[in-house]
Amino acid sequence: MSGATLVGEVSTAPPKPALPPDLDQESREWLHDLRAGGGVREAAVARLHALLLKAARFEVSRRRATHPHLRGDDFDDHSQQAADDALVSVLRRLDDFRGASRFTTWAYKFALLEAAVKLRKRAWQGREIPLEDDAWSSLLAEGMEPAALAEQGELVATLKVAIDSILTEHQRRVLVALAIDGVPIDVLADRLDTTRGALYKTLHDARRKLRAHLEASGLAPDAMLEETD
Amino acid sequence: MEPRDLNDVVGRLLGPAGPEIGCDACFEELDRYVELEVAGEDADAAIPGLWAHLDGCPACREEHESLRALVDGEAA
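The structure presented is a predicted model; accordingly, all values stated were derived computationally and were not measured.

Quick notes on the packing of helix α4 (residues 103-123) of chain A against helix α2 (residues 23-38) of chain B
Where α4(A) meets α2(B), the axes come as close as 9 Å, and the angle between the chain directions of the two elements is 125°. Our classification of the angle between α4(A) and α2(B) gives oblique. The interaxial crossing formed by α4(A) with α2(B) has right-handed handedness. Judged by residue contacts, T105(A), W106(A), K109(A) and L113(A) of α4(A) engage F27(B), L30(B), D31(B), V34(B) and E35(B) from α2(B).

Shown next, in the form of structure tokens:
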């Protein structure tokens, strides 16, 4: 059973558990070498950087098709920077490794995160977050059949009225940017000078309020999804 | 915009219906979750709320997909 905190609950830091006795030998060796001194540690750090670079390149390669504006050199720069930053994070958080997975899997996620965040931010570099009114109007595209346009227009109007009436300005801004405009959460967090975790909490609260409002109004939120199929 | 796209937008506006964990908790548990998945175990039962979070958070979903693919590739 996980001790993960659900969104909306108060998080308390649990005591750090000891490493499980059945932790695999390779993970033990990573920890031993990274905590050693001198040449053993230096060699382990170099191996770790190579491991993180492999993961960063894997992520960058997976996202290459969705970033046509980037050249080959850019991709390699992103991978290197992501691996460098991930190395700092892994070494800083070494004591947080609980042995819940292999050490390499635990380390990989830092490199994947760094690479993914850098790519998302690069893709939005110099782009403005669209205005809320533009976001709503973009949902009703030109060229639709009149009947479909009317049906979608009614649904969009229902959602917009609900969002305008029950959410705070901050919640509305976050929800519209993330859900309608498709602004990546890391990019929005940067622009609003907050963290991804805090922003997701705002998004979660806004969604809950919206669902509750629609249900209280006699509308079944999940049926709205089916209607648009 | 096609009707399918509007459906996606409505889904993103409403988010997952069930309880979910947040981005920070998702990151903390992601490695364990992926290894449970790869081992064929019930990762959703072991870490409640993580799957719902992946449904509601495109960024964490991308990172889960990548870690899963990376670990799958090593296991192959």
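Quick look at the interface of chain B and chain A
Taken together, the contacts link 39 residues of chain B with 45 residues of chain A. Broken down by secondary-structure element, the contributors of at least two residues to the side of chain B that touches chain A are α1 (3-14), α2 and α5 (58-75) of chain B. The dominant element in the side of chain B that touches chain A, judged by the number of residues it contributes, is α2(B), at 10 residues. The residue inventory of the side of chain B that touches chain A, partitioned by class, reads 24 nonpolar, 6 polar and 9 charged.

So, the nonpolar core
Residues and elements named next belong to chain A. With 69 residues, the main nonpolar core has L52, A56, A111 and L175 as its most contacted residues. At 12 residues, α4 tops the list of elements feeding residues into this core. There are two domains that each give this core at least three residues, and those are domain 1 (25-123) and domain 2 (132-227). Residues within four places of L52 in sequence aside, it is in contact with A83, A86, L87, A107, F110 and A111.

Description of the domain arrangement of chain A
Domain boundaries assigned for chain A yield domain 1 (25-123) and domain 2 (132-227). For domain 1 of chain A versus domain 2 of chain A, the separation of C-alpha centres amounts to 35 Å.

What counts, and at which threshold
Residues numbered from 1 in each chain as written. Chains lettered and ligands numbered in written order. Predicted model: local features only at pLDDT ≥ 70, side-chain atom pairs only at ≥ 80, totals over all residues. Axes fitted to C-alpha atoms, helices over the stretch in contact; angles between N-to-C directions. Helix = DSSP H or I, 4+ residues; strand = E, 2+ residues; numbered from the N terminus. Parallel < 35°, antiparallel > 145°, perpendicular 65-115°, else oblique. Left-handed = near helix turned anticlockwise from the far one by under 90°. Contact = placed C-beta atoms within 7 Å. Nonpolar A, V, L, I, M, F, W, Y, C, P; charged D, E, K, R; others polar. Core = buried A, V, L, I, M, F, W, Y, C linked by C-beta atoms within 7 Å. Buried ≥ 20, exposed ≤ 12 C-beta atoms within 10 Å, placed from the backbone. Domains from an automatic or database assignment.

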